[in-house]
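Secondary and tertiary structure notes
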Amino acid sequence: MANKYGFFLGCIMPLRYPGIESSSREVLKSLGVDLVDMKGASCCPAPGVTRSFDQNYWMAVAARNLAIAEKMGVDIVTICNGCFDTLFETAHKLNHDPEARKKVNKILKDATGIEYNGTVNVRHFVELLYRDVGLEAIKSKVKGGKNLKAAVHYGCHFLKPSNVKKIDDAERPHVFDDIVEAAGMTSVMYKDKGMCCGAGGGVRARTPDVALKMTAENLKNMQAAGVEVIVDCCPFCHLQYDVSQPQLKDMPNKIPVLHLSQLLGLAFGMEREKLGLEVHQTKVNL
Amino acid sequence: MSNLAEAKEPNPEFTRKVVESGGKTVNLCFQCGTCTGSCPSGRQTAFRIRKVVRRAQLGFEEDVLPSDDLWLCTTCFTCYERCPRGVEIVDIVMALRNMAVKKGYMAEPHRKIAELVSKTGHLVTLREEDKALRAKLGLEPVPPTVLSDAKALEEVKKIAVLCGFDKLIIPGAK
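All values derive from a computational prediction rather than experimental measurement. (Residues numbered from 1 in each chain as written. Chains lettered and ligands numbered in written order. Predicted model: local features only at pLDDT ≥ 70, side-chain atom pairs only at ≥ 80, totals over all residues.)

Some points on the overall build of chain A
Filter applied, for reference: Strands are runs of DSSP state E lasting at least two residues, helices are runs of H or I lasting at least four, and both sets are numbered from the N terminus onward. Computation of the radius of gyration draws on C-alpha atoms alone. For the globule rule, the value is 2.2 Å times the number of residues to the power 0.38. Burial is judged by counting other C-beta atoms within 10 Å of a residue's own C-beta: 20 or more means buried, 12 or fewer means exposed, and anything between counts as partly exposed, with every C-beta placed from the backbone.
Helix and strand content of chain A: 14 helices and 8 strands. For chain A, whose C-alpha radius of gyration is 18 Å, the value lies close to the compact-globule estimate of 19 Å for 286 residues. If you line up chain A on its principal axes, its C-alpha atoms span 55 × 45 × 35 Å. For chain A, buried positions account for 61% of its 286 residues.

Right under this line is the structure:
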């Protein structure tokens, strides 16, 4: 197993929830995964608000990020579904389609002086933890703590489109739940588990009221199942659940939101101050 | 409800453009509605993704490109996963959105984010409070991205110019 990865930061994690970054760095290190910074990387760029506008631009910026990792001789790991979608889809296309690569490289060469040769693999950290690190290694790091009832939220672009991602069954997935349970939590089934948080595809930016309605429906379903924490694997879903709850007046009891890296940080006995929980708008009182 | 006298002629030319822009499976759709039945956004609104696909299929360009519906899809891929005909619905939405943007249809909040990405390389800004929290967490106050590398940022900006992306996000578009 290659255990050194270019750590792709993206935007929401380093700039809005840096606690996810510090947790990811520490948790992955403790599990024997070395992260190296991808200096000069940019936004992936986000699928909803760039792929929607111009797919050529979207792919060219993504290819530049892939080329940075290629030059460093590493594969990429990301803790964000949006970044994963953009980088995985772009690598999938460019690694297998020389014509598409040629087209993108014309732009890339002109803008950066380097080309992308199609050798980088893109990993999502949930899938990396499940497939490469393994559940036993995760269990061995757990220092005890509370067994919480968790609503696992996969988000959309971690597993889907499943014919390209090939990670787990898109309708009845288990890999993320298994990790949460390995961390000593109980993953609770809830109605319409697997539904979008509401934020994706540029919907949060353009029609925040519509996004909020979808989020509220998910929260209602989670609450009906008696969950104590929401666990996500994407800073954008994380943001949507975290900032939406204070806006929902008919939801007096809030549900704390943790990114999997923060949940693992807690379970592994990481210093609470290193989790960056104070920026969460939905108070984390766990 | 339109009657026969108002019925529009299909425009295969537009359908062909959708196919070429990435919506290659658009003609496989037989309008079963599994997509609409699976759509989380359609639960909350009058958005019907089946109708978007139908309009693309028939080439009803003027019904589909200026429409708000096109932007209510969260690209969650649920319909794409469940479609019994293998229609790559999200790819069709993306093709249509790209065509709409080329025609000047871009909502102001989207334009602002697109501008931020093309000019700063990130879709949110770095504020003083972010730097302070990063430092407190033991991280570099400025992330090791284009934010701390002027040459790298120039590269990203140049990609926007080479792709004509900078022209798509001029203020005052429809």
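Re helix α12 (residues 208-224) of chain A
Test applied: Here the expected span of a helix is defined as 1.5 Å times the quantity of residues minus one. Residues are scored as being in contact if the C-beta atoms we place from backbone atoms lie within 7 Å.
The terminal C-alpha atoms of α12 of chain A lie 24 Å apart, and with 17 residues this matches the ideal 24 Å at 1.5 Å per residue to within 8%. Of the residues making up α12 of chain A, those classed as buried are Val 210, Ala 211, Leu 212, Met 214, Thr 215, Asn 218, Leu 219 and Met 222 of chain A. The inward-facing, buried residues of α12 of chain A contact β5 (149-153), α11 (203-206), β7 (229-232) and α13 (235-244) of chain A together with α3 (40-44) of chain B. The first or second residue beyond α12 of chain A is Gly 226 of chain A, which carries a positive phi of 75 degrees.

Notes on the sheet that holds β5 of chain A
All names here are of chain A. Selection rule: Pairing between strands requires that DSSP locate at least two bridges from one strand to the other. Working convention: axes come from line fits to C-alpha atoms, limited for helices to the stretch in contact. Angles between N-to-C directions cover 0 to 180 degrees.
Ordered by their spatial adjacency, 4 strands build an open sheet running β6-β5-β7-β8, and the pairing between neighbours is parallel. Two strands bound the open sheet, and with one partner strand each, they are β6 (186-187) and β8 (257-259). In the packing of α13 onto the sheet, contacts are made with β5, β7 and β8, and the angle to β8 comes to roughly 170 degrees.

Remarks on the interface of chain B and chain A
Each partner contributes residues to the interface: chain B has 51 residues there, and chain A has 57 residues. Counting only elements with at least two residues in the side of chain B that touches chain A, the list comes to α3, α6 (78-82), α7 (89-102), α8 (108-120), α9 (128-136), α10 (150-162) and α11 (165-168) of chain B. The element that contributes the greatest number of residues to the side of chain B that touches chain A is α10 of chain B, accounting for 7 residues.

Concerning the environment of Asn 65 of chain A
Residue and element names in this part refer to chain A. Secondary-structure assignment places Asn 65 in helix α4 (residues 55-72). According to the C-beta neighbour criterion, Asn 65 is buried, with 30 such atoms within 10 Å. Remark: the alpha-carbon pair of Asn 65 and Gly 40, spanning 25 residues in sequence, is separated by 8.5 Å. When sequence neighbours within four positions are dropped, the list of residues in contact with Asn 65 reads Phe 8, Ala 41, Ser 42, Cys 44 and Leu 87.

A few points about the domain arrangement of chain B
We count it as follows: Where each domain starts and ends comes from a domain assignment, either automatic or drawn from a database.
The domains assigned to chain B are domain 1 (4-102) and domain 2 (108-168). Centre-to-centre separation of domain 1 of chain B and domain 2 of chain B, based on C-alpha positions: 32 Å.

Some thoughts on the nonpolar core
If you look at soluble globular proteins, the nonpolar side chains tend to sit buried side by side. Our working rule: Buried Ala, Val, Leu, Ile, Met, Phe, Trp, Tyr and Cys residues form a nonpolar core when they are connected through C-beta atoms within 7 Å.
Core analysis: the biggest nonpolar cluster contains 151 residues, and Leu 87 and Ile 179 of chain A together with Leu 96 of chain B have the highest contact counts within it. Here the element with the most residues in this core is α4 of chain A; it accounts for 11 residues.

Thoughts on the packing of helix α7 (residues 125-133) of chain A against helix α10 (residues 175-182) of chain A
All names here are of chain A. Put simply, the rule reads: In what follows, roughly perpendicular refers to angles from 65 to 115 degrees, roughly parallel to angles under 35, roughly antiparallel to angles over 145, and oblique to any angle outside these ranges. In this count, Pro and Cys sit with the nonpolar residues alongside Ala, Val, Leu, Ile, Met, Phe, Trp and Tyr, while Asp, Glu, Lys and Arg are called charged and the others, Gly among them, polar.
Remark: α7 packs on α10, axes separated minimally by 10 Å, with the N-to-C direction vectors making an angle of 70 degrees. One finds that α7 runs roughly perpendicular with respect to α10. Of the residues in α10, those in contact with Val 126, Glu 127, Leu 129 and Tyr 130 of α7 are Val 175, Phe 176, Asp 178 and Ile 179. Counted by class, the contact of α7 with α10 contains 6 nonpolar, no polar and 2 charged residues.

Some details on the packing of α4 of chain A against α10 of chain B
Test applied: Helix crossings are classified by the rotation of the near helix relative to the far one: an anticlockwise turn of less than a right angle makes the crossing left-handed, while a clockwise turn makes it right-handed.
Viewed as axis vectors pointing N to C, α4 of chain A and α10 of chain B meet at an angle of 155 degrees, and their least axial separation amounts to 9 Å. Between α4 of chain A and α10 of chain B, the crossing angle belongs to the class labelled roughly antiparallel. Between α4 of chain A and α10 of chain B lies a crossing whose hand is right-handed. Touching Tyr 57, Ala 60, Val 61 and Arg 64 of chain A of α4 of chain A are Glu 155, Val 156, Ile 159 and Ala 160 of chain B, all from α10 of chain B. When its residues are assigned to classes, the contact of α4 of chain A with α10 of chain B shows 6 nonpolar, no polar and 2 charged.

As for the domain arrangement of chain A
Residue and element names in this part refer to chain A. With domains assigned, chain A is organised as domain 1 (4-125) and domain 2 (135-279). Summarising the inter-unit geometry, the C-alpha centres of domain 1 and domain 2 are found 23 Å apart. The partner domain 2 presents 31 residues to the 28 residues of domain 1 that form the contact. The leading source of residues in the side of domain 1 that touches domain 2 is helix α2 (residues 18-30), at 9 residues. Partitioned by chemical class, the residues of the side of domain 1 that touches domain 2 number 13 nonpolar, 11 polar and 4 charged.

Topic: the sheet that holds strand β4 (residues 122-124) of chain A
All names here are of chain A. Pairing is parallel in the open sheet, where 4 strands are placed in the order β2-β1-β3-β4. Every interior strand has two partners, whereas the edge strands, β2 (34-37) and β4, have only one. Pairs of neighbouring strands in the sheet enclose a mean axial angle of 40 degrees, with direction left out of account. Of the strand pairs in this sheet, strand β3 (residues 75-78) and β4 are connected by 3 bridges, and their pairing is parallel. Counterpart to Val 77 in the pairing with β4 is Arg 123.

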